[in-house]
Each structure stands twice: as structure tokens, then as C-alpha cells.
Amino acid sequence: MHLCVRIKVQGALKRKTPIMNFDLKTLDLTAAASEKCDLLVVLIPEGFKPGPDALSALAALALKNGDLSLKAGKQLQLYQVPAVAARRVVLVGGGDGSARASRQAVLAVGGAIKAPHTKRVALCWAGAASADAVGAAVQAVAEASYVYTTTKSKVEARSLSRCVVGVSNVAEVRDGFDNGVALVAGVEFAREWGNRPANHATPSLLADAAKTLARLPRIQCKVHGPAEVSRLGMGAFMAVARGSEEPLRFIELRYNGAAKDKAPVVLVGKGITFDTGGISIKPAPEMDEMKFDMCGAASVLGTFRALGELQPAINVVGLIPACENMPDGRAVKPGDVVTSMSGQTIEILNTDAEGRLVLCDALTYAARFKPAAVVDIATLTGACVIALGGVRSGLFANHDGLAAALHGAGEAAQDPCWRMPLDDDYADGLKSNFADMGNVAGRAGGSITAAKFLQKFVGDTPWAHLDIAGTAWRGGAAKGSTGRPVGLLVHYLLGQAQANVGKAASAPRAAAKPAAKRVPRAKAA
Ligand code: BES
Ligand code: MN
Ligand code: ZN
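Sequence order as written defines residue numbering, which begins from 1 separately in each chain. Chains carry letters from A onward and ligands carry numbers from 1 onward, assigned in written order. Totals for whole chains, interfaces and linings use every residue, but because this is a predicted model, local features are given only for residues with pLDDT of at least 70 and side-chain atom pairs only at 80 or more, for both listing and counting. Side-chain descriptors were evaluated using all non-hydrogen atoms of the structure, hydrogens and water having been removed beforehand.

**Section: the packing of aromatic side chains**
Logical step 1: Ring pairs are drawn from Phe, Tyr and Trp, using the six-membered ring of Trp, whenever the two centres fall within 6.5 Å, and their geometry is named by plane angle: stacked under 30 degrees, edge-to-face over 60, tilted for the rest. Applying the stated criterion across every chain yields a total of 5 aromatic pairs.
Logical step 2: Seen from their ring centres, Tyr 365 and Phe 369 are 5.9 Å apart, and the 65° between their planes marks the pair as edge-to-face. The same class applies to Tyr 365 and to Phe 369, which are both buried.
Logical step 3: Measuring from centroid to centroid gives 5.3 Å for Phe 453 and Phe 457, while their planes differ by 40°, and the two rings are tilted. Like Phe 453, the residue Phe 457 is buried in the burial classification.
Logical step 4: Taken together, the aromatic side chains of Phe 237, Phe 250, Tyr 365 and Phe 369 make up a single cluster linked through ring pairs.
Logical step 5: The rule is short: NZ of Lys or CZ of Arg within 6 Å of the ring centre and within 35 degrees of the ring normal puts a charge over the ring. For the cation-ring pair, Arg 191 lies above Tyr 146, with the distance from its terminal atom to the ring centre recorded as 3.9 Å. Each residue's exposure class comes from its accessible area (1.4 Å probe, protein chains only) as a fraction of the maximum for that residue type: buried when under 20%, exposed when over 50%, partly exposed otherwise.

See below:
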């Protein structure tokens with residue numbers, strides 16, 4: 001049993017791109033001992049029953065002597081163990097064997113996985129593994145070994161090139177493994193574009209990246225420029241873009257995995273490729289981090305990258321309003337009133353509240369797809385960072401079922417979010433004397449008032465808003481994009497696809513094409 005998937009990490013500047021392979025294999029600990037690799041990681045869950053093999057005996061002895069604990073992430077590193085082919089061996093506690101514990105265990109071994117001489121890793125379980133645990137472990141291996149290279153002249157690229165995942169129950173974990181590998185491709189696509197500096201990730205370059213996704217089966221991409229956006233009447237979006245020399249782009253992606261008449265899920269990603277604040281300019285410290293202000297857009301691209309691999313039975317539309325927010329002689333000014341595509345007028349009291357301005361026109365545009373649900377993803381407010389920190393994304397929704405599905409997907413994907421309120425009273429501060437609404441409502445409850453602004457553009461459509469300002473990137477020494485919430489979004493969409501197939505199966509006269517045919521994996525960017 002052997003499945004090999006090639007993941008080509010998003011292209012560097014015409015440089016050879018690092019390629020990482022994952023293989024799923026049947027391996028018990030006896031077979032694992034003869035697996036040739038630089039590093040063998042053995043996950044040992046609580047309740048471990050040693051077998052007759054040498055690695056089991058070693059683990060049992062270490063446990064007995066108190067040199068190893070099976071709490072998730074506790075580890076014992078060994079070197080040149082007799083009768084083991086791997087140069088280095090790490091025995092690591094797998095905790096309760098859950099996806100969360102497996103992720104924790106693999107990340108705890110991250111240093112060894114990322115070490116420069118580690119080219120081949122074998123990851124195996126003492127005993128049976130669950131599909132979710134395997135998926136989570138695969139993602140954790142990628143997360144631990146990821147290196148950003150695109151704009152460095154001396155590249156120390158990811159050293160890891162191959163990861164063998166060895167389990168005793170391949171058939172049971174295959175789906176988890178496939179999902180994990182597809183998510184790695186999606187998350188790394190999102191991280192790459194999130195991390196690129198704004199001069200290497202302009203709206204046009206972001207649109208080009210989206211176009212590469214159309215090489216994947218069932219994905220199409222259309223890119224609208226300034227003339228078309230003007231014809232559409234997207235006055236709020238255009239107001240943000242007008243202070244920049246870089247022309248805006250409105251990116252429209254489609255993934256068609258279900259019958260044509262099946263209502264799609266629309267994902268809308270905030271694509272501010274740099275946010276200076278505009279005329280309401282931001283202070284200098286940490287302003288560089290505003291290159292990450294397109295991480296919502298990156299998460300939509302990454303989600304499509306994963307859909308291209310997984311080919312689920314669902315229709316998805318991706319919309320990305322992309323532009324820079326710059327101060328300039330032509331820039332929009334505080335107090336200016338603009339007319340959104342919906343016809344509603346907006347007094348732009350603070351040009352730094354630009355995300356909601358580009359999103360509101362994209363949300364109006366989304367209605368033309370008669371969507372089953374609309375989910376927008378945005379690094380929208382500093383207030384959300386204060387409220388939830390870097391652990392959970394903010395979740396706002398006008399529909400309890402949608403909120404529950406997204407919350408559950410976040411838990412399952414180790415990419416959690418937390419529901420926030422949307423009481424109408426929170427919209428009071430958005431009142432304006434000169435337009436239908438203002439674009440800000442004071443400091444109090446800033447992430448909620450931002451969501452209330454967006455809600456004015458979705459009508460009755462089931463809608464959710466994910467504020468990822470705290471979760472999309474890390475600052476400080478580990479500065480870099482996380483690829484969140486690609487995991488949450490893909491889990492949610494796979495759940496919706498399953499529901500589609502389920503409904504079609506119980507109603508035989510329904511749509512002729514219940515499930516997506518599996519198509520060969522395509523090489524993609
Ligand atoms: N992109 C920022 C939000 C942000 C700020 C994310 C800091 C992460 C860290 C957004 O465009 C913004 O500037 N929001 C303002 C809104 C305010 C003017 C109402 C904010 O949060 O300060
Ligand atoms: Mn801003
Ligand atoms: Zn912004």
C-alpha cells in the first residue's frame with residue numbers, strides 16, 4: 001500500500017522550488033525499524049501495549065524507568081539505535097491519540113524535523129492511528145518544516161523532502177491522510193502569499209496567483225480590472241484603491257464540483273495588499289505587518305488550492321477585492337461620501353477602516369450567485385486581536401446553523417474560532433448625518449461594529465464573517481503568516497459536500513451528479 005503525493009510549494013522567484021513528498025505506508029514498529037531515513041518519529045499514545053519488536057521494548061523500558069512520559073509532546077531523543085535504520089529516533093508521547101494531541105506531539109519534535117540534515121522523516125504510530133490524527137500529524141510536519149524563501153538571496157530552503165507516514169491500518173486513515181496532504185498544499189499557498197512583501201504581492205500579482213489555480217481540475221478564474229469594477233458601481237472599493245498607483249483587481253474564482261443548479265458557498269477574502277491607513281495614516285511601529293492585510297484573500301486562494309486536490313461535491317465561488325490603501329493627492333479623505341454597489345451611501349470617517357469598504361461591494365456582488373451561504377474572511381480589526389488574541393478567530397453570523405457549522409469545522413481542524421454577538425444596538429454608532437452610514441463607530445466593541453457594517457450588505461442570505469486579525473499571522477521573532485483559516489474553511493466545505501451527497505443519496509430523483517468524480521491530481525503552483 002503506497003500513496004505518493006507531490007506537493008510543489010508555491011513558486012519562488014524563478015528559483016527551483018522545494019518539493020515535499022508524503023507517502024502513506026503500512027508499517028508496524030518492526031518494519032519501521034528498517035525504514036531508511038534521517039529521523040524516525042514514533043508516536044506512542046497513552047495505553048500503549050508494547051509488541052515483540054525492539055522499538056516497543058525500548059519504549060517500554062524508558063517508560064518503566066521514568067525517562068519517557070506519554071503526555072502529548074513529551075519526548076526521548078535517541079541516536080544510532082542498534083538494529084534501527086534511522087540515524088535519529090524520537091519516541092514521543094501521543095497523549096490521548098486525538099488530532100490535537102498528535103499535532104502537539106509532532107510540533108514538539110519540530111526542531112528535529114526542521115534540522116538542516118533532516119531530509120527524510122518517517123512518522124509512525126505504536127498501535128492503530130485515527131484518520132484525524134494522521135491528517136493532523138501530516139499538517140504538523142509541514143508546519144514545522146516550512147521555510148519562507150522567496151525574497152532571500154541566500155536560500156536555506158526546507159531541508160525535508162520526504163515524509164513517510166507509517167500506520168498499521170492504512171485503509172482506515174487514507175481519507176485523513178489525503179485531507180492532510182491537500183491541506184498542506186492549501187495552507188502553504190496561503191502562507192506564501194501572506195508572507196510576500198507588498199511589493200512582491202501587488203493586486204496584479206495576487207490575481208496572477210489566482211489564475212495559476214485555474215490549472216487545477218474544475219477551477220476557473222476571472223479577473224476584473226478598474227474599468228469593470230467602475231461599471232459594476234463598486235464605489236466603496238474604488239474609494240480605497242484611488243490613493244494607490246497600483247491598479248485594483250477584483251478576483252473571481254469558481255470551483256464546480258456539484259450540479260450546476262446547486263447553490264454555491266461564496267467565500268469573500270479581504271485583499272488589502274498593504275494598509276498604510278490612507279490619510280488616517282497608521283503610526284510607524286509594526287506598520288510593515290500590514291503587508292499581511294491580504295491574509296483573508298490568501299486563505300481563499302489556499303482553500304481553492306486544497307479544493308483542487310480534494311475535488312469534493314460542492315460548488316464554491318471565491319471573491320477577492322484586492323488593492324492597496326495609500327495616502328496620496330487623489331486618496332479618499334475623511335468625511336468623503338461614496339456610493340456603494342448596493343446603492344447605500346457611506347461617509348468615510350476613517351480611511352483606515354478600509355477593509356469593510358472593499359468587502360461591502362464584494363458582498364453585494366456575491367448575491368448574484370444566489371448563494372447557499374456567504375463567508376467573508378478578513379484581517380478586519382485590531383479590536384478583534386484585543387478580544388480574542390492569537391488563539392481563536394472572531395466568528396460573526398446572522399444564521400445559527402452556519403455559525404455552528406463553522407465553529408465545529410474550526411474545532412475539527414485545530415483552527416478554532418469563537419462566536420461574537422451581532423445585536424442591532426451595536427449598529428447605533430454607525431449613524432451618519434451626511435450618508436446612510438458612517439464607516440466607523442468609535443472604539444468600543446470595534447470588531448462587532450465592523451461586523452454590523454458588513455451585515456448591512458448581506459440582506460437575508462446566510463452570512464458569516466471571520467475576523468482573522470489575530471490569527472492570520474504571528475509577530476515578533478516568529479513573524480510570519482500562519483495559513484489560517486484554510487483548515488477551518490476546507491473542513492467546513494468538506495462537511496457541506498458530504499451533506500450534499502447524503503441528500504442526493506436519500507432522494508434518488510435529485511441532481512444527476514451527486515458526487516464529484518475523482519479526477520487525476522494536477523500539478524499546480
Ligand atoms: N487591517 C487593519 C486591522 C488590523 C490592525 C489587523 C492591526 C491587525 C492588526 C484594519 O484595516 C484597520 O486598520 N482597522 C482599524 C479600524 C478602526 C479605524 C475603526 C483598527 O482596527 O484600528
Ligand atoms: Mn486599515
Ligand atoms: Zn486593513
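From this point on, the discussion continues.
**Regarding the coordination of the manganese ion (ligand 2)**
Logical step 1: For Na, K and Ca the donor cut-off is 3.2 Å; for every other metal, N, O and S atoms count as donors within 2.8 Å. Water does not enter the count, which can leave sites looking incomplete. In the first shell of the manganese ion (ligand 2), the protein supplies Asp 275 (OD), Asp 352 (O), Asp 352 (OD) and Glu 354 (OE), at 2.0 to 2.2 Å from the metal.
Logical step 2: Under this scheme a four-donor centre is tetrahedral when all angles range from 85 to 135 degrees, a four-donor centre is square planar and a six-donor centre octahedral when opposite donors are above 155 degrees with the rest from 65 to 115, and any other centre is irregular. Classification of the site at the manganese ion (ligand 2) as irregular follows from its 6 donor atoms and the range of 71 to 168° in their angles at the metal.
Logical step 3: Ordering the donors of the manganese ion (ligand 2) by residue number gives the pattern D-x76-D-x1-E.
Logical step 4: Separating the manganese ion (ligand 2) from the zinc ion (ligand 3) is a gap of 3.2 Å, bridged by Asp 275, which donates to each.
Logical step 5: On the basis of relative accessibility, which here comes to 23%, the residue Asp 352 falls in the partly exposed class.
Logical step 6: Classification of Glu 354 as buried rests on a relative accessible area of 1%.

**Here's the deal with the side chain of Asn 195**
Logical step 1: Helix and strand labels come from DSSP, where a helix needs a run of H or I of at least four residues and a strand needs a run of E of at least two; each type is numbered from the N terminus. The topology assignment puts Asn 195 in helix H6 (residues 170–195).
Logical step 2: We classify Asn 195 as buried; its relative accessible area is 7%.
Logical step 3: Polar contact criterion, stated in full: a pair of N or O atoms within 3.5 Å, where within protein one must be able to donate a hydrogen and the other to accept it, and residues adjacent in sequence count only if both atoms are side-chain atoms. Engagement of the side chain of Asn 195 in a polar contact is seen with the side chain of Tyr 146, the distance being 3.0 Å.

**Here's the deal with the sheet that holds strand S14 (residues 345–348)**
Logical step 1: Two strands form a pair only when DSSP identifies at least two bridges running between them. Taking strand neighbours across the sheet as the criterion, the 3 strands line up as S13-S14-S18 in an open arrangement whose pairing is mixed. The sheet is open, and its two edges are formed by strand S13 (336–339) and strand S18 (437–438), each paired on a single side.
Logical step 2: Sheet topology places S13 next to S14; 4 bridges connect them, and they run antiparallel. Paired with Val 338 across the two strands is Ile 346, which belongs to S14.

**Quick notes on the pairing of strand S5 (residues 88–93)**
Logical step 1: Summarising burial for S5: 5 of the 6 residues are buried, a large majority.
Logical step 2: Alignment of strand S3 (residues 39–44) against S5, held across 6 bridges, turns out to be parallel. Bridge pairing links Leu 39 to Arg 88 in S5.

**Remarks on the state of the cysteines**
Here a disulfide denotes one covalent bond, and it connects the sulfur atoms of two cysteines.
Logical step 1: We call a pair of cysteine sulfur atoms a disulfide when they lie within 2.5 Å. In the structure shown here, the tally under the stated rule is 0 disulfides.
Logical step 2: Free cysteine Cys 221: the closest other cysteine sulfur is in Cys 323, separated by 17 Å.
Logical step 3: In this model Cys 295 remains outside any disulfide bridge; the closest cysteine sulfur is found in Cys 384, 14 Å from its own.

**A look at the coordination of the zinc ion (ligand 3)**
Logical step 1: Taken together, Lys 270 (NZ), Asp 275 (OD), Asp 293 (OD) and Glu 354 (OE) make up the full set of protein donors to the zinc ion (ligand 3), lying 2.0 to 2.4 Å away.
Logical step 2: Around the zinc ion (ligand 3), the 6 donor atoms sit at angles spanning 78 to 174°, and that spread fits a shape best called octahedral.

**Notes on the domain arrangement of the protein**
Logical step 1: For every domain, the bounds stem from an assignment made automatically or drawn from a database. Under the domain assignment, the protein is made up of domain 1 (2–193) and domain 2 (220–504).
Logical step 2: Distance from the C-alpha centre of domain 1 to the C-alpha centre of domain 2: 34 Å.
Logical step 3: With 15 residues of domain 1 at the interface, the matching set in domain 2 holds 19 residues.
Logical step 4: In this description, buried area is defined as the sum, over both parts, of the accessible area (probe of 1.4 Å) that is lost when the two are combined. Both faces combined, the contact of domain 1 with domain 2 buries some 1,400 Å², and carbon together with sulfur accounts for 68% of it.
Logical step 5: Counting the surface domain 1 buries against domain 2, the share from its top three residues, Leu 183, Ala 190 and Arg 191, is 31%.
Logical step 6: For this document, the term salt bridge refers to a Lys or Arg side-chain nitrogen within 4 Å of an Asp or Glu carboxyl oxygen. Scanning the region where domain 1 abuts domain 2 turns up 0 salt bridges.
Logical step 7: Where domain 1 meets domain 2, there are 1 residue pair in polar contact (both at pLDDT 80 or more).
Logical step 8: Looking at the side of domain 1 that touches domain 2, the elements with two or more residues in it are helix H3 (99–108) and H6. Here a residue-residue contact requires only that any non-hydrogen atoms of the pair lie within 4.5 Å.

**Points about the packing of helix H11 (residues 355–366) against helix H14 (residues 446–455)**
Logical step 1: Note on geometry: axes are C-alpha line fits, over the in-contact stretch for helices, and angles between N-to-C directions span 0 to 180 degrees. H14 packs onto H11 with a crossing angle of 30° between their chain directions and a minimal axis gap of 9 Å. Between H11 and H14, the angle is such that the two are roughly parallel. In the packing of H11 onto H14, the handedness of the crossing is right-handed. Where H11 approaches H14, its residues Arg 356, Leu 357, Leu 359, Cys 360 and Leu 363 are matched on the opposing element by Ala 450, Phe 453 and Leu 454.
Logical step 2: Looking at the contact of H11 with H14 residue by residue, the class counts come to 7 nonpolar, no polar and 1 charged. Put simply, angles under 35 degrees are roughly parallel, angles over 145 are roughly antiparallel, angles from 65 to 115 are roughly perpendicular, and the rest are oblique. Helix crossings fall into two classes, left-handed where the near helix is turned counterclockwise from the far one by less than a right angle and right-handed where it is turned clockwise. We call Asp, Glu, Lys and Arg charged. Ala, Val, Leu, Ile, Met, Phe, Trp, Tyr, Cys and Pro are nonpolar, and the rest, Gly among them, are polar.

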